[in-house]
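The chain contents come next:
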Amino acid sequence: MKGIFRKLVLAAMLVFVLGSFATCGAANTKIPILMYHDLTADPAKTNSMTVTDERFRLDMEYLQQFGYTPLQPADLLAIRSGVMEIPEKPVMVTFDDGYRSNYDYAYPILQNTGMKATLAVVAFNMRPENDTDETRHSLTWGEIREMSDSGVFEIGSHTYNLHNPQYNGMSAPDGVNGVMRRAGESQSAYNARVGSDLTTSLELIRQYTGKNVNYFSYPFGAGDSWMQQLLQDAGIGVSTLTNSGQADLAGSLYGLPRYRITMNKPVSELLRQSASAAPAMAAVSVNGQVSKLPAYNIGGNNYVRVRDVAVLLQNTASHFDVRWNSAQGRVELASFSAYTPLGTENKPLPAGSRNVRSITEPTVADGVTNMVAAYNIDGSTYYKLRSLGDLCGFLVDWDSVSQMITVNA
């Protein structure tokens, strides 16, 4: 009877696990996890671990524009348990270490774009709650509490003080980094040394955020099989490394890979969109006057050529100029500037659907760079009309009665 009961329990557990991923079913279970560290306003100070605040803003705008849903470790666990469905386009944004720039730059950018992130802190390096030292490079516990309370950040552990403090946080000459076991170290000694560090880290995070910790980021991406049991015993269900690749939520949530984002590898290039584009005509009413613009229907939305729109609005109060910066490979727009037609505007589109890819460079509008959903097709850049309105200051709406785009210019 005991054997039969055990088999029934195992069968029930299998049904539960499979049921937990029923929402994934035929859906994609892959998720890109993006890895950042420090941000700077000075382009001269960027490196493999540091990108500019502008680069980060453009990355987050890209995710927002292309409809990505930001997930945090708590969400991954909810998906695993079956209480949350995996979104169509999931993404996870992570920060390691706990730099002040995460509060000064990343936090407001995430708020403005509707994105969320996960921050793994080296707890020993975090500053007291009310530290007013303007030269500090690390976060204060007060800032961490605010970021956590907002829901914009979920806080995880990057150890208490095992990020190679003996080498000023740099890689060890002998290759034994972070939580890796030392030569000749027994498992009991390892559990005492690393386990106590983990416990201290988690206690501090709970003390200042009032929340349990779901996430651990391995320093230097250096994993150790002995560490996973410590994480499990501590109730941490998600951990990440630094090896490149997409994470698969259908597998283990421990040791997930991440993509390092650098100035030379922006999100727009890493996650470049491929789509099917079908030729269409977009009916547009500008101040009550109806016109039709050649368009491509991509994902249920009409994308129109920016120069066609410039001609359409050239005699309105919302006229704008269009220039192509060949050196940067990007469109530059100037509001309230005269547009001189090239004579190629409103040309018919070739018949038949085609596969296209999104642009990777931002659009500059009145000197400000913006990452918007756009596609370059046959040498022309196609935008949603609403995106151009946001960039150039004219109002765009959809009239469901007339099935027409309306522009108040």
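Computed from a predicted model, the values in this text were never measured in an experiment. The written sequence of each chain sets the order in which its residues are numbered from 1. Only residues with pLDDT of at least 70 get local features here, since the model is predicted, and only at 80 or more are side-chain atom pairs given and counted; chain-wide, interface and lining totals rely on the full set of residues. With hydrogens and water excluded, all non-hydrogen atoms of the structure serve as input to the side-chain values.

## Re the side chain of His163
Here comes step 1: In this text, helices come from DSSP runs of H or I with a minimum length of four residues, and strands from runs of E with a minimum of two, each type numbered from the N-terminal end. Secondary-structure assignment places His163 in the loop between β8 (153-157) and α6 (187-209).
Here comes step 2: Think of it in three bands: with a 1.4 Å probe and only protein chains considered, a residue is buried below 20% of the maximum accessible area for its type, exposed above 50%, and partly exposed in between. The exposure class assigned to His163 is buried, which follows from its relative accessible area of 16%.
Here comes step 3: Definition of a polar contact: a pair of N or O atoms within 3.5 Å, with one able to donate and the other able to accept a hydrogen when the atoms are protein atoms, and with sequence-neighbouring residues admitted only if both atoms are side-chain atoms. Among the polar contacts made by the side chain of His163, one reaches the side chain of His158 at a distance of 3.5 Å.
Here comes step 4: Between two residues, a contact is recorded if the distance between any of their heavy atoms is within 4.5 Å. Every residue in contact with His163, bar those within four places of it in the chain, is listed here: Asp97, Val122, His158, Gly169, Pro219 and Phe220.

## Here we look at the packing of aromatic side chains
Here comes step 1: A pair of Phe, Tyr and Trp rings is counted when the ring centres sit within 6.5 Å of each other, with Trp represented by its six-membered ring. The angle between the planes then sorts it: under 30 degrees is stacked, over 60 is edge-to-face, the rest tilted. The tally for this structure, following the rule as stated, stands at 15 aromatic pairs.
Here comes step 2: On the numbers, 5.4 Å between centres and 65 degrees between planes, the contact of Tyr190 with Trp226 is edge-to-face. Here Tyr190 is found in helix α6, whereas its partner Trp226 is found in helix α7 (residues 225-233), with 36 residues between them in sequence.
Here comes step 3: The exposure class of Trp226 is buried, given its relative accessible area of 17%.
Here comes step 4: With centroids separated by 5.1 Å and ring planes inclined at 90 degrees, the aromatic side chains of Phe216 and Tyr218 adopt a geometry described as edge-to-face.
Here comes step 5: A relative accessible area of 0% places Phe216 in the buried class.
Here comes step 6: When the NZ atom of lysine or the CZ atom of arginine is within 6 Å of a ring's centre and also within 35 degrees of its normal, the charge is said to sit over that ring. Note that Lys89 overlies the ring of Tyr68, its terminal NZ or CZ placed 4.7 Å from the centroid.
Here comes step 7: A cation over an aromatic ring shows up here: Arg181 above the ring of Trp226, its NZ or CZ 3.6 Å from the ring centre.

## Notes on the nonpolar core
Here comes step 1: Joining through side-chain atoms within 4.5 Å is the link that ties buried Ala, Val, Leu, Ile, Met, Phe, Trp, Tyr and Cys residues into a set, and such a set is a nonpolar core. Counting 65 residues, the largest nonpolar core has Tyr36, Phe56, Leu63, Phe95, Phe153 and Met227 as the members making the most contacts within it.
Here comes step 2: With 7 residues, the top contributor of residues to this core is α6.
Here comes step 3: Counting residues in each nonpolar core, the second largest holds 29 residues, with Ala282, Ala295, Val304 and Ile359 among its members.

## Brief notes about α6
Here comes step 1: Expected helix span is taken as 1.5 Å per residue step, with the number of steps being one fewer than the number of residues. For α6, with 23 residues, the first-to-last C-alpha span of 31 Å sits near the 33 Å given by 1.5 Å per residue.
Here comes step 2: All of the buried residues in α6 are Tyr190, Arg193, Val194, Gly195, Asp197, Leu198, Ser201, Leu202, Leu204, Ile205, Tyr208 and Thr209.
Here comes step 3: Two residues or fewer after α6 comes Gly210, characterised by a positive phi angle close to 75 degrees.

## Description of the pattern of salt bridges
Here comes step 1: A carboxyl oxygen of Asp or Glu within 4 Å of a side-chain nitrogen of Lys or Arg is what we treat as a salt bridge. A complete count under the given rule lists 16 salt bridges for this structure.
Here comes step 2: Across the pair Arg354 and Asp378 runs a salt bridge whose closest N-O atoms are separated by 2.7 Å. Taken together, the residues Arg354 in strand β18 (residues 354-357) and Asp378 in the loop between β21 (374-377) and β22 (380-383) connect sequence positions 24 residues apart.

## Observations regarding the sheet that holds strand β17 (residues 330-335)
Here comes step 1: Taken together, 4 strands build an open sheet; the order of strands is β16-β17-β19-β20 and the sheet is mixed. The strands lining the two open edges of the sheet, one partner per strand, are β16 (320-325) and β20 (368-370). Sheet twist, expressed as the average angle between the axes of neighbouring strands with direction ignored, equals 25 degrees.
Here comes step 2: Between any two strands, pairing holds if DSSP finds at least two bridges. Pairing between β16 and β17: 6 bridges, direction antiparallel. Bridge pairing links Asn325 to Arg330 in β17.
Here comes step 3: In this analysis an axis means a line fitted to C-alpha atoms, helices contributing only their contacting stretch, and an angle means the value between N-to-C directions, from 0 to 180 degrees. Running over the sheet, helix α10 (residues 385-392) touches β16, β17, β19 (363-365) and β20 and is turned about 55 degrees from β17.

## Some points on the packing of α6 against α7
Here comes step 1: Interaxial distance between α6 and α7 falls to 10 Å at its minimum, and their mutual angle equals 50 degrees. Taken together, the axes of α6 and α7 are oblique relative to one another. Between α6 and α7 lies a crossing whose hand is right-handed. Note on element contacts: α7 touches α6 through Trp226, Met227, Leu230 and Leu231, opposite Gln187, Tyr190, Asn191, Val194, Gly195 and Leu198. With respect to orientation, any angle under 35 degrees is reported as roughly parallel, any angle over 145 as roughly antiparallel, any angle of 65 to 115 as roughly perpendicular, and every other angle as oblique. Handedness of a crossing follows from how the near helix is turned relative to the far one, being left-handed for an anticlockwise turn of less than a right angle and right-handed for a clockwise one.

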